[in-house]
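Structural features, examined
Residues per chain are reported as follows:
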Amino acid sequence: MAKTVAIVNQKGGVGKTTTCVNLAAALHDLGKRVLVCDFDPQGNATSGFGVDKTTLSPSVYEAIIGGAPIRKAVVSTQWGDVIGANKSLAGATVELIGMADREHLLKNALAPLDGDYDYIFIDCPPSLELLTLNALCAAQAILVPVQCEYYALEGLSDLLTTVRIVKRSLNPQLALMGVVLTMYDGRTHLSMQVAEEVKRFFPGKVYASVIPRNVRLSEAPSHGKPVLSYDPWSRGANAYKSLAQELAARE
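Residues numbered from 1 in each chain as written. Predicted model: local features only at pLDDT ≥ 70, side-chain atom pairs only at ≥ 80, totals over all residues. Heavy atoms only, no water.

Counting residues in hydrophobic clusters, the biggest one holds 55 residues, and the most contacted among them are Val60, Ile83, Leu89, Leu106, Ile122 and Val198. The element best represented in this core is helix 6 (residues 130–138), accounting for seven residues. Among residues more than four places away in sequence, those in contact with Ile122 are Thr4, Val5, Ala6, Ile7, Cys37, Phe39, Leu106, Leu110, Ala135 and Ala138. Counting residues in hydrophobic clusters, the runner-up holds 35 residues, among them Ala26, Ala45, Tyr119 and Ala239. (Core = buried A, V, L, I, M, F, W, Y, C linked by side-chain atoms within 4.5 Å. Buried < 20%, exposed > 50% of the residue type's maximum accessible area, 1.4 Å probe, protein only. Helix = DSSP H or I, 4+ residues; strand = E, 2+ residues; numbered from the N terminus. Contact = heavy atoms within 4.5 Å.)

Our next topic: the sheet that holds strand 3 (residues 74–77). Taken in spatial order, the seven strands line up as 3-4-2-5-1-6-7 in an open sheet, and their pairing is mixed. Looking at strand neighbours, the two that pair on one side only are strand 3 and strand 7 (175–182), the edges of this open sheet. The sheet shows a mean angle of 25° between the axes of neighbouring strands, direction not considered. In the sheet, strand 2 (residues 34–38) pairs with strand 5 (residues 119–123) via five bridges, with the strands oriented parallel. Residue pairing for strand 5: Cys37 is matched across the bridge by Ile122. The strands touched by helix 6 are strand 1 (3–7), strand 5 and strand 6 (141–147); relative to strand 1, the strand with the most contacts, the crossing angle is about 155°. (Pairing = 2+ DSSP bridges. Axes fitted to C-alpha atoms, helices over the stretch in contact; angles between N-to-C directions.)

Here we take up the layout of surface pockets. Empty space within the largest pocket amounts to approximately 550 Å³. Forming the boundary of the largest pocket are 31 residues, of which Gly15, Lys16, Thr17, Thr18 and Met183 lie nearest the centre. Counting residues per element, the ones that place at least two in the lining of the largest pocket are helix 1 (16–29), helix 2 (44–48) and helix 9 (215–219). Considering each element in turn, the lining of the largest pocket owes the most residues, six residues, to helix 1. In the lining of the largest pocket, the residues fall into 13 nonpolar, 14 polar and four charged. There is about 160 Å³ of room inside the second largest pocket. Every residue lining the second largest pocket is listed: Met1, Thr4, Lys107, Leu110, Ala111, Asp114, Ile120, Ala138, Gln140 and Gln173. Tallied by class, residues from the lining of the second largest pocket come to five nonpolar, three polar and two charged. (1 Å grid on protein atoms, 1.4 Å probe; cavity = no way out; pocket = protein on both sides within 12 Å on 5 of 7 lines; lining within 4 Å. Points joined across faces, edges and corners; volume = space filled by probe spheres on them. Nonpolar A, V, L, I, M, F, W, Y, C, P; charged D, E, K, R; others polar.)

Spelled out as structure tokens, the structure:
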């Protein structure tokens with residue numbers, strides 16, 4: 001049975017997609033069977049795996065709205081499998097409003113793949129709306145990237161309130177898997193201060209492996225590769241390798 005993990009934070013630019021792509025690739029390198037489900041209309045996780053989001057057929061949109069067989073939406077890459085997304089997903093929120101059992105469409109779509117993978121990672125959009133709600137209902141756990149910057153904890157109480165509501169009324173098994181500190185710069189007092197604050201906010205849930213600010217992490221998506229392939233010896237690649245090992249050991 002796959003461990004389905006929603007990578008979520010309603011703030012944009014915190015490293016959700018970077019973490020989704022590179023953590024999945026690092027776990028794949030460890031021999032795990034990994035699937036990334038891109039559930040963000042921007043489709044950045046899709047292109048981060050070298051998949052052309054403009055020619056996807058079917059995409060995750062067709063799988064949840066059009067009833068396309070989910071296995072046909074799976075694209076295999078050398079870094080793991082991907083169910084891609086593109087801008088067609090942007091209108092799904094409006095279409096979902098009138099659909100029966102709308103919160104569970106993604107969960108129902110992914111169900112046939114449950115035995116095929118060790119991990120299924122869902123890359124969520126930077127908002128708390130119906131797409132993210134679908135991801136929270138499909139997942140057993142959430143992974144929260146938090147950037148080491150001034151407004152790091154802003155809005156996280158809203159996220160945790162949403163998670164509690166989903167857990168109480170829609171998905172009792174949903175739990176916090178862990179928190180990943182991203183964009184860490186050990187040379188600055190601010191990064192260390194924010195790291196300590198996040199650890200106080202999430203006692204026992206913050207991974208020891210932190211993701212540094214690293215130019216290679218920023219460059220890799222433009223080459224359609226995870227950083228582990230683009231520059232396997234970079235600080236960013238080593239950080240995600242460490243995170244994958246820590247996550248797998250905890251599990």
